[in-house]
Amino acid sequence: MARLIRTEKEVEGRFEDVWLVVEEDPLTQWPAGPLAVVGRDATRQDAPERVRGEARFTADIQLPGMLHTAVLRSPYAHARVRRIDFTKALALPGVRAALGPGEAKGLEEEAGFAGAAVAAVAADTFGKARAALAAVDIEWEELEVVLDPEEAVEREMFTAPSARYERGDFERALSEADVVVEGTYRTSVVLHNSMETHQAVCEWVGDTLNVYISTQYIWGVRDAVSKELGISGDKVRVVCEFMGGGFGSKNGPDEYTFVAAELARRTGRPVRCALTRREENTSAGNRNATLQKLTVGAKSDGTIVALGGDFINAIGWSGWSAMTEGPMQMLYACDNVRTVRHGAKINTPPMKAFRAPGFVEGTFGLECLIDELAAKLELDPLELRKRNYADSNDGKPFSSKNLMQCYELAQKHWDRRDEVRARSTDTWKHGVGMASQIWFGGGGPPSYAWIRATSDGRFTVVTAMQDIGTGTRTAMAMIAAEELGVPLDRVDVMLGDSARGPYATLSAGSSTTPSVGPAVRAAAADAKRQILEIAAQRYDVEERVLDIKDGLVVSADGNVSTPLEALLEILGDAQILGKGARGPNPAGMSVLTFGVQVAEVAVDIETGEIRVERVAAAHDVGRIINALGARSQVEGGIIQGIGHTLSEQRLLDPETGRILTTTLDAYRMPTIADVPEIVCEFVDAPDEHLTNLGSKGLGEPPIVPLAAAIANAIRDATGADVHELPISREEMLRALDAAKKKEKRGAPAAV
Amino acid sequence: MELLRPSSLAELDGGLAIHGGTEVVPLLRDGILEADRLVDIRGIVPRGIDGNVIGAGTTLAELEASTAIPDALREACTLAASPQLRNMSSLGGNLLQSTRCWYWRLGYPCRLHRVGEGWGDRCHAREGEHREHAIFANDFCASAHPSDIAAALLALGARIRTTKRELPLEELYRLPDEANRDIVTLDPGELILELELPQVEASTYLKAMDRKRWSFPQVGVAAARRGGEIRIALAGVAPIPWLLGADGLDGATPLPRTAWKIAVAKALVARAAARLQRP
Amino acid sequence: MPEVKLTLNGGEHIVDAPVGISLASLLRERLGFTGTKIACNEGHCGACTVQIDGVPTLSCITLAHSVRGDVTTIEGLRDHPLIDAFVRADAVQCGFCTPGQVVSAAALVAANPEPTVDEIRHQMAGNICRCGTYPRIEEAILHWRD
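Residues numbered from 1 in each chain as written. Chains lettered and ligands numbered in written order. Predicted model: local features only at pLDDT ≥ 70, side-chain atom pairs only at ≥ 80, totals over all residues.

**Q** Can you break down the overall build of chain B residue by residue, with the values?
**A** Secondary structure assignment for chain B yields 9 helices and 14 strands. Here chain B has a C-alpha radius of gyration of 18 Å; the compact-globule value for 279 residues is 19 Å, and the two agree. Its C-alpha atoms give chain B principal-axis dimensions of roughly 50 × 45 × 30 Å. By the burial criterion, 53% of the 279 residues in chain B qualify as buried. Once local pairs closer than 6 in sequence are excluded, the contacts in chain B between residues at least 24 apart make up 65%. (Helix = DSSP H or I, 4+ residues; strand = E, 2+ residues; numbered from the N terminus. Rg over C-alpha atoms; globule rule 2.2 N^0.38 Å. Buried ≥ 20, exposed ≤ 12 C-beta atoms within 10 Å, placed from the backbone. Contact = placed C-beta atoms within 7 Å.)

**Q** Outline the overall build of chain A, listing residues and values.
**A** Check the secondary structure of chain A and you find 19 helices and 32 strands. Relative to the compact-globule value of 27 Å for 751 residues, chain A shows a C-alpha radius of gyration of 27 Å, a close match. For chain A, with 751 residues in total, the buried portion stands at 61%. A separation of at least 24 residues holds for 79% of the contacts in chain A among residues at least 6 apart in sequence.

**Q** Just give me the short version of the pairing of strand E18 (residues 304-316) of chain A, but keep the residues and values in it.
**A** Residue and element names in this part refer to chain A. Counting buried positions over the 13 residues of E18 gives 12, a clear majority of the element. Alignment of strand E17 (residues 289-298) against E18, held across 10 bridges, turns out to be antiparallel. Residue pairing in the sheet places Gly-297 in a bridge with Ala-306 of E18. Pairing of E18 with strand E19 (residues 337-345) involves 9 bridges; the strand directions are parallel. Bridge pairing in E19 places Gly-316 opposite Lys-345. (Pairing = 2+ DSSP bridges.)

**Q** Hey, could you go over the sheet that holds strand E22 (residues 428-439) of chain A for me, with residue numbers and the actual values?
**A** Residues and elements named next belong to chain A. Read across the sheet, 4 strands follow the order E22-E30-E31-E32 without closing on themselves; strand pairing throughout is mixed. Whereas interior strands pair on both sides, the edge strands pair on one side only; in this sheet they are E22 and strand E32 (677-682). Taking the axes of each pair of neighbouring strands and ignoring which way they run, one obtains an average angle of 15° across the sheet. Here 12 bridges tie E22 to strand E30 (residues 593-604), and the two strands are oriented antiparallel to one another. Looking at E30, one finds that Trp-428 is bridged to Asp-604. (Axes fitted to C-alpha atoms, helices over the stretch in contact; angles between N-to-C directions.)

**Q** Now, about the environment of Asn281(A): what can you tell me, with residues and values included?
**A** All names here are of chain A. Within the fold, Asn-281 resides in helix H8 (residues 277-283). A C-alpha to C-alpha distance of 7.4 Å links Asn-281 and Thr-663, two positions 382 residues apart in sequence. Residues within four places of Asn-281 in sequence aside, it is in contact with Leu-191, Asn-193, Ile-659, Thr-661, Thr-662 and Tyr-667.

**Q** Go over the interface of chain B and chain C with me, naming the residues and quoting the values.
**A** With 16 residues of chain B in contact, the opposing surface of chain C contributes 20 residues. Secondary-structure elements contributing two or more residues to the side of chain B that touches chain C are strand E1 (2-4), helix H1 (24-29) and helix H4 (83-88) of chain B. Counting residues per element, the side of chain B that touches chain C draws most heavily on H4(B), at 5 residues. Of the residues in the side of chain B that touches chain C, the class split is 8 nonpolar, 5 polar and 3 charged. (Nonpolar A, V, L, I, M, F, W, Y, C, P; charged D, E, K, R; others polar.)

**Q** An account of the interface of chain A and chain C is requested, with residue identities and associated values reported.
**A** Size of an interface, as often reported, equals the accessible area lost when the parts are brought together. Between chain A and chain C, the residue contacts involve 42 residues of the former and 41 residues of the latter. At the level of secondary structure, the elements contributing two or more residues to the side of chain A that touches chain C comprise helix H1 (47-51) and helix H17 (627-647) of chain A. With 7 residues, the single largest contributor to the side of chain A that touches chain C is H17(A). When grouped by side-chain class, the residues that make up the side of chain A that touches chain C number 18 nonpolar, 15 polar and 9 charged.

**Q** Summarise unusual backbone geometry; cite the residues concerned and give the values.
**A** All names here are of chain A. A cis geometry characterises the amide bond from Pro-445 onward to Pro-446, with omega recorded as -5°. Mapped onto the fold, Pro-446 is located in the loop between E22 and strand E23 (448-453). Cis geometry marks the peptide bond from Leu-725 to Pro-726, where omega comes out at -5°. Mapping Pro-726 onto the fold places it in the loop between helix H18 (706-718) and helix H19 (729-744). In the Ramachandran plot, Glu-156 falls in the positive-phi region, its phi being about 55° despite a non-glycine side chain. We classify Glu-156 as exposed; it has 10 C-beta atoms within 10 Å.

**Q** Give me the nonpolar core: which residues, what numbers.
**A** In terms of nonpolar packing, the biggest core is built from 377 residues, with Ala480(A) and Ala222(B) touching the most fellow members. Sequence-distant contacts of Ala480(A), that is, excluding residues within four places in its chain, are made with Ile451(A), Phe459(A), Val461(A), Val491(A), Val520(A) and Ala524(A). (Core = buried A, V, L, I, M, F, W, Y, C linked by C-beta atoms within 7 Å.)

**Q** Can you tell me about the sheet that holds E23(A), naming the residues and giving the values?
**A** Residues and elements named next belong to chain A. Strand order in this open sheet of 4 strands is E25-E24-E23-E29, and the pairing throughout is mixed. In this open sheet, the two edge strands, each paired with only one partner strand, are strand E25 (491-494) and strand E29 (576-581). Averaged over all adjacent pairs, the angle separating strand axes in this sheet is 20°, with direction ignored. Sheet strands in contact with helix H15 (residues 512-539) are E23, strand E24 (459-462) and E29, and its direction is about 145° off that of E29.

**Q** Kindly report on the packing of H17(A) against H18(A), identifying the contributing residues and their values.
**A** Residues and elements named next belong to chain A. With their axes 9 Å apart at the nearest point, H17 and H18 run at an angle of 60° to one another. Viewed along their axes, H17 and H18 adopt a mutual orientation that is oblique. For H17 against H18, the interelement crossing comes out right-handed. Contacts from Ile-638, Gly-641, Ile-642, His-644 and Thr-645 in H17 reach Leu-706, Ala-707 and Ile-710 in H18. Residue composition of the contact of H17 with H18, grouped by class: 5 nonpolar, 3 polar and no charged. (Parallel < 35°, antiparallel > 145°, perpendicular 65-115°, else oblique. Left-handed = near helix turned anticlockwise from the far one by under 90°.)

**Q** Any details on the confidence of the model for chain B? Residues and values, ideally.
**A** Averaged over all residues, the pLDDT of chain B equals 97, while 99% of them reach at least 70. The ipTM value of the predicted complex is 0.98, and its pTM value is 0.98. (pLDDT = per-residue confidence, 0-100.)

**Q** Tell me about H19(A), residues and numbers included.
**A** The end-to-end C-alpha distance of H19(A) is 22 Å, a good match for the 22 Å that 16 residues give at a rise of 1.5 Å each. Residues of H19(A) that are buried include every one of Arg729(A), Glu730(A), Glu731(A), Met732(A), Leu733(A), Ala735(A), Leu736(A) and Ala739(A), and no others. Contact partners of the buried residues in H19(A): E30, strand E31 (610-620) and H18 of chain A together with strand E11 (202-208) and helix H9 (260-277) of chain B. (Expected span 1.5 Å × (residues − 1).)

**Q** Which residues make up helix H3 (residues 71-79) of chain B, and what are the values?
**A** All names here are of chain B. By the criterion of burial, H3 is predominantly enclosed, with 8 of the 9 residues buried. Asp-71, Ala-72, Leu-73, Arg-74, Glu-75, Ala-76, Cys-77 and Leu-79 are the residues of H3 that are buried. Close packing links the buried residues of H3 with helix H2 (60-64), H4, helix H8 (148-156), E11 and strand E12 (219-226). Of the residues one or two after H3, Ala-81 is the one with positive phi, at around 50°.

**Q** Let's hear about the packing of H3(B) against H8(B): which residues, and what values?
**A** Residue and element names in this part refer to chain B. Relative orientation of the contacting elements H3 and H8 amounts to 175°, with a least axis distance of 8 Å. Accordingly, the angle class assigned to the pair H3 and H8 is roughly antiparallel. Between H3 and H8, the contacting residues are Ala-72, Leu-73, Ala-76, Cys-77 and Leu-79 on the first element and Asp-148, Ile-149, Ala-151, Ala-152, Leu-153, Ala-155 and Leu-156 on the second.

**Q** Can you tell me about the environment of Pro99(C), naming the residues and giving the values?
**A** Mapped onto the fold, Pro99(C) is located in helix H3 (residues 98-111). Put simply, Pro99(C) and Ala85(C) are 14 residues apart on the chain and 13 Å apart in space, counted from C-alpha to C-alpha. What Pro99(C) contacts, discounting residues up to four positions off in sequence, is Gly53(A), Gly35(C), Thr36(C), Lys37(C) and Ile74(C).

**Q** Mind laying out the pairing of E12(B), listing which residues take part and the relevant values?
**A** Working note: regular strand, side chains alternate between the two faces of the sheet. Residue and element names in this part refer to chain B. Across the 8 residues that make up E12, a large majority, 6, are buried. Strand direction decides the pairing type here: E11 and E12, joined by 7 bridges, are antiparallel. Its bridge partner being in E12, Leu-206 is matched across the sheet by Val-221. Between E12 and the antiparallel strand that follows it, strand E13 (residues 229-235), lie 2 residues; Gly-227 among them carries a positive phi value of about 55°.

Okay, structure coming up:
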């Protein structure tokens, strides 16, 4: 039965109180540990088409008569379009239509960053559209440019109100601490650079708009487009069966979608609007830079008594201000915490969610600070973390927390310290560092799934979710197969089409599996119940003695043992339809994910070269659904983290605010040669309070602690404190130099 | 635009030469190069290794796979670019590549770009973002030359033969100045055909990158020993491949954010020299 | 328009196209071979990798009219044992870079059927995967004939 609740909804660490209609979730959880299907290794169901190049991405869609769009973007970091004239552009061959500021959402008269969209042209080919941009007669009025986030804060230029938090009495606790450590940490802008750029193809069929789009949230696109265009949601069909990566940057439609929809309306033809790689690097969102001034006070036994942080999120022209202070508030037991977080509005490209936004940045600062405290107290960093283990989150109990088990799993990797350090030579210094991880990932309602059983004994899960490459399609099939008692290859999943299934949540915030998975299980249970009802009548036995195991309908006494397809054959064209919904999250509890990573690095102290040689990860995300896919997620998160820790650098011209690193030779993401040995373990214990699965999400946790683990390993190896990401050679050499100077003044350093 | 595919030098008649296309095609697309006529010169530029003579049409991948060339050249090819780019790029084209300076690549009106009838009158990198730029000869233009192979060949004392003449490799390059913005001394239409390498006793190439593979050199150091003398050349430190003079790195004139390159270069120069001492 | 004559996956194709069109665009837009992906369109990422006479080549910066050898795309490698090796090793997440990875890997194992980890890392470094499937790709190539 549906019930109305008032509850806290969390997405990517953003909370809001909402009214929610939820359905009960009467199923009890499966026993812990690997089951027949769930918890085992499964290859991806759609891997063959992806590997063979058959998967059709938005980039591959070619509709008859389709036009192509080029977007006119501001060359100025802050300017206003005074006048725009398309006459010459529209006269060029093959040019079909043009839009100016205000004619589609996202085309604005005021451009707040270099790369902001102001106009668009549709033509027969992309080349013709781009050539037409040069013929657009445009007059700009340049406006004041602010690029420095600290200046913006001083001038109170914010994207959102500042967030202030205090528990206990920070000042007093600090004054009573035996040891105080302070540090200023900086993290830089990181670009998502999904391999498939942001893009959409829009086509009007009658009064219905078909939107083919590379997105993490088909239902969200449907809602946003219907709202913007003032048409019913069912008149917007959003399709994304395969998409080439998002990492948080594709959670909603942007200007390219609205531009394509409007140009399609005006021309009566399908229109593609796709960002180029360079636009992807200037205009598609980013992980914002941060500045963190942090303080920790502790007793000489290592008890942390005070934590304080002033955080500036350098948001850019738009975006939201993520909870960079979250780890400081949540990771350790500390009665006195004070944080302030500002979201600076500056004339740089917009912030968009990027894989654990805020927590990646905040964990770098906090976990480096904690290690510096350990060094000062001459305490083992792992021991220090254990001594300050939090048993609740600001008074709220955790639905489950197995961070201590993660620490235990990590112990053997941590114990390699002496062995690793002993490899050091005159120039290459080796060391080990660790960092803990805390993040959300519990998902929440609503999400729905249907399951269709047909007379051939096969099942199809139908839900309007999407698989952005994380393997959720396969995870849903595994959950359904487990509940139904059938082999995995009997279950297909139909997703990626808002017109072809019930609502499902977005693929972000590590929320897809914990949100949609329980609905799929509930749908499977509903379908199974109906099948057993039929079986009871067919075999003339009581329903309660029947079950489905490994594809057979069996009775407890062994008298019935029939292949499921033999039973379902009697369905003919009749179908069994199971329905399932995601139940509520546990009231009054904090649903969080935990983990720890141990990094081994080598630093060439003469050239500043850093080699990450090994990363061991232990994460607690509740029940693991697909063990193989889970390992891939962890590896992927770690590798992406190596990029923002060492080599990825988004640079802008300090005079004009234009982005300089718009190409992938300049913005350097890791290659296969940069990958360390990765060891990955899970606690794999269901969260007994969370849904019928006890599963949390795993998309984001692995990227959270990596940068700090590497920085702490660098300190262990060299004695140098790195306080800035990325740790370029320039930064590494600076830190080594500072450590040398510190040593000269008497403080010990390993260099 | 037309594409010609001459099969002999005699058929050459103007146009923009293109070999592997890894540099020319992107620059044409960006409008930094312009041409109505492209000339695919793969049919006329020698390819392959014959003793100490290397055809300018030899790809970097072919050089990487050769055991018949000096270590410095082979190592430079191994560490250059990506596998696909090494498959496509010719030796001659590599020597003629342009800087990776982001201002230049994005078409800022800098001193190496035409602006109207004249040339740009400032170096944006000097006052702007220059952390990957030059530490030598960076007064007029602070760009850093990205060719690993040019540094290796410079240290090896290579000579080049063009369609017009023979010259030592160092004479292929010139620093840009007010009067002449070119960084190479080739005449219009002049093609590099072959390179000749003198015998060396030992050589090596060391490269600092921020990824383990597929990066342009932050600093590349080539060293070759010949008749007991060591010759050192650097990539990524000056607007042209840089032959290290008698005063070594002390002559560097770093910009505020390029000083770190001196430490890297010093270490690599010492290591390269040490490697050549080994029997 | 000048004609492009292409030997592609064993078949002959003749297309009229303007000089300047890239091989990648020709394959995708004119011939409908969309397995070859364009991710950066300037030779930096490897998603567009095809083989020309067996040699991995960036089709996005190759002029279609300049192609002289036989072109092999992912569509010509669909029966290669690497396909199954990638599936088994979970060497795919979003899958956008994957066809290019397979094309590069197929050339690698053709030249060197038992590559070492170092050789794989050297020869596959031009194919960027933003999802970070690299350890799985390495495993797929190490065990491609299993």
